[in-house]
Number of protein chains: 2
Amino acid sequence: MTAPADGNLRRFSLAVDAMGGDNAPEAVLDGLELAAERHPGASFLVVGDEARLSALLATRPRAARLCVLRHAPQAVPGDMKPTQALRIRDSSMRIAIDAVAQGEAAAVVSSGNTGALMALAKIVIKTMPEISRPALAAITPSARGDVVMLDLGANVQCDARNLIEFAIMGDAFARAVLGLPAPTLGLLNVGSEELKGDDRVREAAETLRAQPGLAFHGFVEGHDIAAGTVDVVVTDGFTGNVALKTGEGALKLMRDLLRQVFTSSIPARAGYLLARPALERLREWMDPRRYNGAILLGLNGVVVKSHGGTDATGFAHAVDVAMDMVTHGFTQTIRDSLSRLAASPVTQD
Amino acid sequence: MTAPADGNLRRFSLAVDAMGGDNAPEAVLDGLELAAERHPGASFLVVGDEARLSALLATRPRAARLCVLRHAPQAVPGDMKPTQALRIRDSSMRIAIDAVAQGEAAAVVSSGNTGALMALAKIVIKTMPEISRPALAAITPSARGDVVMLDLGANVQCDARNLIEFAIMGDAFARAVLGLPAPTLGLLNVGSEELKGDDRVREAAETLRAQPGLAFHGFVEGHDIAAGTVDVVVTDGFTGNVALKTGEGALKLMRDLLRQVFTSSIPARAGYLLARPALERLREWMDPRRYNGAILLGLNGVVVKSHGGTDATGFAHAVDVAMDMVTHGFTQTIRDSLSRLAASPVTQD
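Computed from a predicted structure; not experimentally measured.

Moving on: the pattern of salt bridges. Taken as a whole and judged by the stated rule, the model has 42 salt bridges over all chains. Note that Glu33 of chain A and Arg62 of chain A form a salt bridge whose closest N and O atoms lie 3.8 Å from each other. Taken together, the residues span a long stretch of sequence, with Glu33 of chain A in helix α1 (residues 26–38) and Arg62 of chain A in helix α3 (residues 61–66) at a distance of 29 residues. Arg60 of chain B serves as the salt-bridge partner of Asp30 of chain B, at 2.6 Å between the closest nitrogen and oxygen. You can see Asp30 of chain B sitting in helix α1 (residues 26–38) and its partner Arg60 of chain B sitting in the loop between α2 (50–57) and α3 (61–66), a full 30 residues away along the chain. Here the residues in one salt-bridge network are Arg11, Arg70 and Glu104 of chain A, joined through shared partners.

Its 21 residues place the ends of helix α11 (residues 266–286) of chain A only 26 Å apart at the C-alpha level, less than the 30 Å of an ideal helix rising 1.5 Å per residue. Arg276 of chain A marks where α11 of chain A bends most, by close to 75 degrees; the proline Pro277 of chain A follows one to four residues later. Along α11 of chain A, the residues classified as buried are Ala268, Gly271, Ala275, Ala278, Leu279, Leu282 and Met286 of chain A. Where the residues of α11 of chain A are buried, they touch α10 (237–262) of chain A together with α10 (237–262) and α11 (266–286) of chain B. Where α11 of chain A begins, the side chain of Ser265 of chain A points an oxygen toward the backbone nitrogen of Ala268 of chain A, at a separation of 3.1 Å.

Here the focus is the domain arrangement of chain A. All names here are of chain A. As far as domains go, chain A holds domain 1 (1–127 + 298–328) and domain 2 (132–292). Each of domain 1 and domain 2 was reduced to a C-alpha centroid, and the two centroids are 26 Å apart. With 18 residues of domain 1 in contact, the opposing surface of domain 2 contributes ten residues. For the interface between domain 1 and domain 2, the tally reads one salt bridge. Linking Arg289 and Asp311 is a salt bridge whose minimum nitrogen-to-oxygen distance equals 2.6 Å.

Another point: unusual backbone geometry. A cis amide bond links Ala24 of chain A to the next residue, Pro25 of chain A, at an omega of -5 degrees. Relative to the helices and strands, Pro25 of chain A is located in the loop between β1 (12–17) and α1. Omega for the peptide link from Leu150 of chain A to Asp151 of chain A comes to -5 degrees, which places this bond in the cis form. Take Asp151 of chain A: it is sitting in the loop between β6 (147–150) and α7 (160–178). The residue Lys126 of chain B is not glycine, and still its phi comes out positive at about 75 degrees. On the secondary structure map, Lys126 of chain B appears in the loop between α6 (114–125) and β5 (135–140). On the accessibility criterion, Lys126 of chain B (40% relative accessible area) is partly exposed.

Now for the pairing of β6 of chain A. Residue and element names in this part refer to chain A. The two faces of β6 match: Val147 and Met149 on one face and Val148 and Leu150 on the other face are all buried. Two elements, strand β5 (residues 135–140) and β6, share four bridges in a ladder whose sense is antiparallel. By the bridge assignment, Ile139 is partnered in β6 with Val148. Hairpin connection between β5 and β6: a loop of six residues separates the two successive antiparallel strands, and Gly145 in this loop has a positive phi of roughly 105 degrees. For β6 and strand β9 (residues 232–234), the ladder comprises three bridges, and the chain directions are parallel. Counterpart to Val148 in the pairing with β9 is Val232.

Attention now moves to the relation of the copies chain B and chain A. For the pair of chain copies, the relating operation is a rotation around an axis with a shift along it. With an RMSD of 0.0 Å, the fit of chain B onto chain A corresponds to turning through 180 degrees and sliding 0.0 Å along the axis. On the angle and the small slide along the axis, the relation comes out as a two-fold axis. Taking C-alpha positions as the reference, the residue of chain B nearest the rotation axis is Gly271 of chain B, at 1.7 Å.

What counts, and where the lines are drawn
- Each chain has its residues counted from 1, following the order in which its sequence is written.
- Each chain gets a letter, beginning with A, and each ligand a number, beginning with 1, in the order they are written.
- This being a predicted model, a pLDDT of at least 70 is required before a residue's local features are given, and a value of 80 or more before pairs of side-chain atoms are given or counted; all residues contribute to the totals for chains, interfaces and linings.
- Remark: hydrogens and water are excluded; side-chain values derive from all non-hydrogen atoms of the structure.
- What counts as a salt bridge is simple: a side-chain nitrogen of Lys or Arg found within 4 Å of a carboxyl oxygen of Asp or Glu.
- The helix and strand labels rest on DSSP assignments: H or I over at least four residues marks a helix, E over at least two residues marks a strand, and numbering proceeds from the N terminus.
- What a helix should span is 1.5 Å times the count of its residues minus one.
- Bending is quantified residue by residue as the angle between axes fitted to the seven-residue window ending at that residue and the seven-residue window starting at it.
- Buried means the residue's accessible area, taken with a 1.4 Å probe over protein chains only, is under 20% of the maximum for its type, while exposed means over 50%, and partly exposed covers the values in between.
- The criterion used for residue contact is that any of the two residues' heavy atoms lie within 4.5 Å.
- Pairs of N or O atoms are called polar contacts if they sit within 3.5 Å, as long as, within protein, a hydrogen donor faces a hydrogen acceptor (for residues adjacent in sequence, only side-chain-to-side-chain pairs).
- Residue ranges labeled as domains rest on an automatic or database domain assignment.
- Only strands that DSSP links by at least two bridges are regarded as paired with each other.
- Here the copies are matched by least squares. The fit uses the C-alpha atoms of residues with pLDDT of at least 70 in both.

Quick look at the structure:
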């Protein structure tokens with residue numbers, strides 16, 4: 001099955017795997033109910049246990065208006081190996097992915113098994129011919145607004161060519177999802193000087209510096225992520241995965257410690273109440289649900305992985321990300337950038 | 001010059017490069033004045049501009065009692081290339097390092113140029129014969145107490161054997177500096193399952209699992225650092241450098257945002273005052289100065305790198321770390337662990 005050109009055949013904005021994640025299918029449908037408010041013109045192909053989904057939709061009127069159900073007799077369990085998941089042809093995840101491959105939907109969103117989703121998406125939707133390896137991207141908070149990070153673990157080993165492709169995909173993603181006209185890009189390294197790091201990052205930096213149309217800032221370091229020094233942070237999947245989780249862990253530690261601080265005494269509790277409006281704004285801004293939705297970039301269609309443990313709010317954010325990418329013709333933007341790259345010399349190792 | 005066996009000839013607890021760092025030599029001597037209170041039995045060989053140091057010591061009576069000055073006509077600037085620094089034989093950094101190599105002091109502490117310090121230490125003090133590559137370690141806060149992380153950038157590319165040696169050095173370091181009788185060790189990876197990651201981490205994990213005397217926990221992920229899942233987090237220098245700085249950056253972001261929160265309105269200011277004792281305890285606990293002092297492990301002597309921008313409090317913490325390592329016979333502990341390792345099979349790639 002080959003992917004159709006943008007726009008062909010497409011009946012649905014998104015295909016949704018309704019059976020993936022810890023709180024499926026309830027959290028998924030609650031999320032769609034929230035998303036329906038923000039995207040009243042969208043249409044969702046919702047795949048899963050039709051009887052259950054149909055009963056749940058009866059009490060979610062806004063989602064019901066935008067959703068079409070498709071039955072899937074099976075679901076991919078969270079702990080199933082990707083190789084095994086590939087063999088199940090009638091899982092909700094597989095049928096939702098099939099809808100993208102067949103051009104029925106522009107994107108798929110799932111809270112299910114990450115490894116299975118990545119493997120199925122790569123095999124069924126397929127990698128863009130211009131890209132050697134897809135990458136996993138996500139949005140993370142910084143002092144100067146949202147920052148895109150990639151790769152987050154799709155490729156634990158990368159060469160210079162992979163990093164260059166990640167930069168181009170990250171650039172297109174930041175344009176589509178963050179709405180930035182000329183996002184700045186940084187390559188993660190152990191220092192910001194040109195000679196730092198290994199051959200791989202130095203080679204990639206050299207090519208990116210010469211790349212027309214890319215606002216390449218140069219090397220950035222770990223602390224530049226939260227500082228928001230650049231809009232897009234590019235790195236290999238090993239480092240990116242560790243860095244993203246390290247940052248999340250540090251923020252969680254601070255949240256937990258602050259909770260202890262504000263319950264440690266009666267004056268501290270009173271202090272919390274006085275500062276509450278501002279603290280609440282901070283809490284909302286840092287809310288991990290606002291950053292839910294990792295995106296597999298570089299396929300012939302949009303694939304968004306929602307966190308398995310998220311709730312309706314988090315799932316609705318993942319839907320937002322997918323809708324942004326579809327609306328902004330994300331896949332086409334990457335194709336255009338890659339053909340520009342093909343026209344200029346690229347370091348290959 | 002070869003390093004002497006532990007205890008021989010040694011006249012000083014520490015050699016101190018008094019001319020390194022942004023606030024040298026004042027912050028260094030103020031730091032020694034603080035350290036002198038905590039280590040009244042120590043003796044410091046303080047190297048630098050003798051006239052300046054002597055004038056400064058006159059107003060720092062506690063430090064003056066423990067310090068012996070040695071003149072160095074030059075200092076290594078912060079931006080000097082390591083190769084160039086190696087050629088200056090009469091810099092304060094070089095003379096302080098020479099004192100360790102010659103067995104006059106057990107350890108050296110410097111706030112100066114990191115690259116120069118690492119290069120000079122490796123060439124002059126020399127790597128332990130049992131170790132293939134030294135590693136840079138530091139202590140970072142977690143929900144369950146202090147955590148040791150290494151490598152932090154001494155080796156941007158590592159093989160399985162390097163990671164195993166880092167684990168052994170990290171174990172010895174946690175015993176000496178954190179005072180833990182059996183520190184738990186984790187190998188940083190993109191997932192905690194045995195099959196995750198690349199060959200390098202899987203091979204290292206296999207050897208560490210079989211290693212007697214090591215409390216190897218298995219793989220840990222980025223978020224485990226701040227969670228304090230293990231006492232020692234082992235990784236390659238590229239990932240470790242990025243992870244440490246990413247975590248520090250996230251904590252700094254939270255500190256900055258909290259400052260904004262508590263100055264955003266009059267009630268919020270009042271709230272801060274009420275919760276202040278608990279917030280101050282949190283601030284002190286997170287104080288980066290408390291974690292000052294990166295340690296170059298695997299040399300025939302203790303080398304501690306204090307942050308270039310730190311103040312007296314931070315420098316005194318770096319001195320504490322060096323004193324802990326000297327007092328606990330850190331170098332000998334590593335030797336013992338390595339000979340146990342040599343007696344058991346090790347994967348080499």
